[in-house]
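Below, each chain spelled out in residue letters.
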Protein chains: 2
Amino acid sequence: MELYSYYRSSASFRVRIALALKGLPYDYRSVHLVKNEQLGAGYASVSATQLVPQLMDGAARIGQSLAIIEYLDELHPEPPLLPGTALDRARIRSLALDIACEIHPLNNLRVLRYLMRDLKVGEEAKNAWYRHWVELGLAAVERRLASEPKTGRFCHGDATTLADCVLVPQIFNAQRFDCQLDPMPTVMRIFEACMALPAFQSTQPSACPDAEA
Amino acid sequence: MELYSYYRSSASFRVRIALALKGLPYDYRSVHLVKNEQLGAGYASVSATQLVPQLMDGAARIGQSLAIIEYLDELHPEPPLLPGTALDRARIRSLALDIACEIHPLNNLRVLRYLMRDLKVGEEAKNAWYRHWVELGLAAVERRLASEPKTGRFCHGDATTLADCVLVPQIFNAQRFDCQLDPMPTVMRIFEACMALPAFQSTQPSACPDAEA
C-alpha cells in the first residue's frame with residue numbers, strides 16, 4: 001500500500017495511526033500542502049478531490065480518512081477499530097464525526113487561507129476563530145466522554161478504536177494553536193493513554209519522513 | 001424511534017431519507033435551530049453535543065447523521081445503503097464524506113453566525129463564502145462522479161446508497177444560496193433521479209411537519 005500524506009495533516013495522521021495499530025506496512029508519499037503540491041497536475045491524477053490522505057491499495061484508490069479506516073478495518077479486522085455491537089459502532093463513529101465534521105473542517109489550511117486572503121481577517125482574529133471551534137467542539141466531546149458509561153481507558157472501552165484515531169490528531173492541532181485544554185480532563189486523560197502507545201508515538205507529525213524542524 | 005430534526009437541517013434530511021428508503025416509521029421531534037432550541041436545557045438532556053439530528057431508538061441515543069445511517073443500515077439491512085464489497089463501501093463512504101466533511105461544516109448556521117457577528121463579515125461576503133465552499137466541493141464530487149466507472153443511475157450503481165442520502169440535501173442548500181450548478185451535470189442528473197423517488201420527495205424540507213412558509 002501507499003499513503004499520500006502530509007506530516008501536519010491531521011486527517012492523514014488518523015490513517016497513519018490506524019495502519020500502525022493494525023501493523024500494516026506502506027510506502028509514505030509526501031504531499032506538501034503548504035507548497036500546494038496537492039493542487040498540481042501530478043497529484044490531480046492520484047486524487048480527483050486533491051486532498052490528503054489518499055490510500056493506494058493495488059489498483060484501489062481511496063480518499064477520506066474515515067472511509068480509509070473503515071476499509072482497512074473491513075479487510076484487516078484485527079485489532080478491530082469498530083468493535084462490539086451496532087450501538088457500540090454508532091457511538092464510536094459519532095465521536096469520530098463530532099471531531100471530523102464539527103471541528104476539523106473549520107480549521108483546515110484552505111479555510112484559514114480564505115479567512116486571511118479573501119475576508120482580510122487578521123492573524124489574531126484567525127487564531128481566535130481556530131480556538132473557538134476547537135474549544136467548542138472538544139467541550140462537547142468532553143461532555144460525552146465524561147458522562148457516557150462506555151468511556152474507558154480510551155474513548156470507547158479499554159482498547160483503541162476509530163474514535164481515538166481521530167481524537168489524538170485534533171489534540172495535536174489544539175496544542176499547536178494554544179487552545180485551552182484544562183477544561184477537558186477526560187479528553188486529555190485519553191490523549192495521554194493513546195500517546196503512551198507506539199502506534200501513536202511513531203506516527204505523530206514529528207516522526208514523519210517529511211517532518212520539518 | 002424518534003428523530004430530532006429541523007426541516008432545513010441538511011444533516012437531518014440525510015437521516016430522514018435513509019429512514020424513508022428503509023420504510024422505518026418514527027416520531028418527528030422538531031428542534032428549531034434559528035430559535036436556538038438546540039441550546040436550551042431541554043435539548044441538552046437529549047443531545048450532549050446539542051446538535052441535530054439525534055435518533056432515539058429505545059434507550060439508545062445516537063447523534064451524527066452518518067453514524068445514525070450506518071446504525072440503521074446494520075440493524076435494518078434492506079435495502080442496503082452500503083452495498084457490495086469493502087471497496088464499494090469505501091467509495092460510497094468517501095463520496096458522502098467529500099460532502100459531509102468538506103462542504104457542509106463550513107456552511108452551518110453557527111458558522112455563518114460567527115462570520116457575521118464575530119468577524120463582521122457582510123451579507124454579500126457571507127454568501128460568497130457559502131457559494132465558494134459549495135462550488136469548490138461539488139466540483140470535486142462532479143469530477144469523481146463523471147470519471148469513476150462505478151457511477152450509475154445514482155452515485156454508486158443503479159440503486160440509492162448513503163452517498164445519495166448526503167448529496168441531495170447539499171443540492172437543496174446550494175439552490176437556496178444560488179450556487180452555480182450548471183458545471184455539474186452528473187451531480188444534477190443524479191439529484192433529479194433521486195428526487196423522482198418518494199423517499200426523497202416525502203422527506204424534503206417543505207414536506208416536514210415543522211416546515212415554514
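The rules we used
- Residue numbering note: each chain is counted from 1, following its sequence as written.
- Naming scheme: in the order in which they are written, chains are lettered from A and ligands are numbered from 1.
- Owing to the predicted nature of the model, reporting of local features is limited to residues with pLDDT of at least 70; listing and counting of side-chain atom pairs is limited to 80 or more, with chain, interface and lining totals taken over all residues.
- The exposure scheme places C-beta atoms from the backbone and then counts, for each residue, the other C-beta atoms within 10 Å of its own, assigning buried at 20 or more, exposed at 12 or fewer, and partly exposed in between.
- Helix and strand definitions follow DSSP, with helices as H or I runs of at least four residues and strands as E runs of at least two, each counted in order from the N terminus.
- Here, residue contact means that the backbone-derived C-beta atoms of the two residues sit within 7 Å.
- Here, any two strands with at least 2 DSSP bridges between them count as paired.
- Whenever a helix is involved, its axis is fitted only over the stretch in contact; in every case the axis is a line through C-alpha atoms, and angles between N-to-C directions fall within 0 to 180 degrees.
- Note on definitions: a nonpolar core is a set of buried residues drawn from Ala, Val, Leu, Ile, Met, Phe, Trp, Tyr and Cys, linked by C-beta atoms within 7 Å.
- Following the grouping adopted for this structure description, the nonpolar residues are Ala, Val, Leu, Ile, Met, Phe, Trp, Tyr, Cys and Pro, the charged ones are Asp, Glu, Lys and Arg, and the polar ones are all others, Gly among them.
- To line up the copies, we fit them by least squares on C-alpha atoms, keeping just the residues with pLDDT of at least 70 in both.
- Just so you know how the angles are binned, under 35 degrees is roughly parallel, over 145 roughly antiparallel, 65 to 115 roughly perpendicular, and the rest oblique.
- For the domains described, the bounds stem from an automatic or database domain assignment.
- Throughout, right-handed denotes a crossover for which the path from the first strand over the helix to the second runs clockwise when the strands point away from the viewer.

J.: Lay out helix 3 (residues 65-75) of chain B with the relevant residues and their values.
T.: Of all 11 residues in helix 3 of chain B, nine are buried; the element is thus mostly enclosed. All buried positions along helix 3 of chain B are accounted for by Ser65, Leu66, Ala67, Ile68, Ile69, Glu70, Tyr71, Leu72 and Asp73 of chain B. Elements in contact with the buried residues of helix 3 of chain B: helix 4 (86-100) of chain A together with helix 1 (10-21), strand 3 (54-57), strand 4 (60-63), helix 4 (86-100) and helix 7 (162-176) of chain B.

J.: Please set out the sheet that holds strand 2 (residues 27-30) of chain B residue by residue, giving values where relevant.
T.: All names here are of chain B. One open sheet holds the four strands; their spatial order is 2-1-3-4, and the pairing between them is mixed. Each end of this open sheet is capped by a strand with a single partner; those strands are strand 2 and strand 4. With direction set aside, neighbouring strand axes in the sheet form an average angle of 20°. As paired strands, strand 1 (residues 2-5) and strand 3 are joined by three bridges and run antiparallel to one another.

J.: An account of the nonpolar core is requested, with residue identities and associated values reported.
T.: The biggest cluster of nonpolar side chains holds 126 residues, and the ones touching the most others in it are Ala96 and Leu167 of chain A together with Ala96 and Leu167 of chain B. Sequence-distant contacts of Ala96 of chain B, defined by excluding residues within four places in its chain, comprise Leu66, Leu162, Ala163 and Val166 of chain B.

J.: Break down the interface of chain A and chain B for me, citing the residues and quoting the values.
T.: Facing 35 residues of chain A, the contacting portion of chain B comprises 35 residues. Residue assignment for the side of chain A that touches chain B shows that the elements contributing at least two residues are strand 4 (60-63), helix 3 (65-75), helix 4, helix 5 (109-117) and helix 6 (123-147) of chain A. In terms of residue count, the dominant contributor to the side of chain A that touches chain B is helix 4 of chain A (nine residues). The class makeup of the residues in the side of chain A that touches chain B is 21 nonpolar, six polar and eight charged.

J.: I'd love a proper account of the relation of the copies chain A and chain B, names of residues and values included.
T.: Mapping chain A onto chain B leaves a residual RMSD of 0.0 Å; the transformation is a rotation of 180° accompanied by 0.0 Å of translation along its axis. Seen this way, the second copy is the image of the first under a two-fold rotation axis. Considering only C-alpha atoms, the part of chain A nearest the rotation axis is Cys101 of chain A, at 2.6 Å. In this assembly, 100% of the residues forming the interface of chain A have copies in chain B that are likewise at the interface, indicating an isologous arrangement.

J.: So, the packing of helix 6 of chain A against helix 8 (residues 185-195) of chain A: which residues are in play, and what are the values?
T.: Residues and elements named next belong to chain A. Helix 8 packs onto helix 6 with a crossing angle of 80° between their chain directions and a minimal axis gap of 7 Å. It follows from the interaxial angle that helix 6 and helix 8 lie roughly perpendicular. Where helix 6 abuts helix 8, its residues Leu138, Val141, Glu142, Leu145 and Ala146 lie against Thr186, Val187 and Ile190.

J.: How would you summarise the pairing of strand 3 (residues 54-57) of chain A if you had to cite specific residues and measurements?
T.: Residues and elements named next belong to chain A. Pairing between strand 3 and strand 4: four bridges, direction antiparallel. Paired with Met56 across the strands is Arg61, a residue of strand 4. Taking the residues between adjacent antiparallel strands as the criterion, strand 3 and strand 4 are bridged by two residues, where Gly58 takes a positive phi near 65°.

J.: Before we move on, can you summarise the domain arrangement of chain A with the specific residues and values?
T.: All names here are of chain A. When cut into domains, chain A gives domain 1 (2-79) and domain 2 (86-199). Broken down by secondary-structure element, the contributors of at least two residues to the side of domain 1 that touches domain 2 are helix 1 (10-21) and helix 3. The element best represented in the side of domain 1 that touches domain 2 is helix 1, accounting for seven residues. Across the side of domain 1 that touches domain 2, the residue classes tally to nine nonpolar, one polar and one charged.

J.: Tell me about unusual backbone geometry, residues and numbers included.
T.: A cis geometry characterises the amide bond from Glu78 of chain A onward to Pro79 of chain A, with omega recorded as -15°. Relative to the assigned elements, Pro79 of chain A resides in the loop between helix 3 and helix 4. The amide bond that connects Val52 of chain B to the next residue, Pro53 of chain B, takes the cis arrangement and shows omega of 0°. Positionally, Pro53 of chain B belongs in the loop between helix 2 (41-44) and strand 3.

J.: Describe in detail the sheet that holds strand 4 of chain A, supporting the description with residues and values.
T.: Residue and element names in this part refer to chain A. Taken together, the four strands give an open sheet; going across it, the order is 2-1-3-4, and neighbouring strands pair in mixed fashion. Of all strands in the sheet, those bounded by a partner on one side alone are strand 2 (27-30) and strand 4. In this sheet, neighbouring strand axes are inclined to one another by 20° on average, regardless of whether the strands run parallel or antiparallel.

J.: For the environment of Glu135 of chain A, give the residues involved together with the corresponding values.
T.: All names here are of chain A. Mapped onto the elements of the fold, Glu135 is located in helix 6. Once the C-alpha coordinates of Glu135 and Met184 are considered, the two residues, 49 residues apart in sequence, prove to be 9.2 Å apart. Ignoring anything within four residues of it in the chain, the contact list for Glu135 reads Cys179 and Gln180.

J.: So what's going on with the pairing of strand 1 of chain B? Which residues, and what values?
T.: Residue and element names in this part refer to chain B. One ladder, built from four bridges, connects strand 1 with strand 2; its direction is parallel. Paired with Tyr4 across the bridge in strand 2 is Arg29. For the crossover that starts at strand 1, traverses helix 1 and ends in the parallel strand 2, the hand is right-handed.

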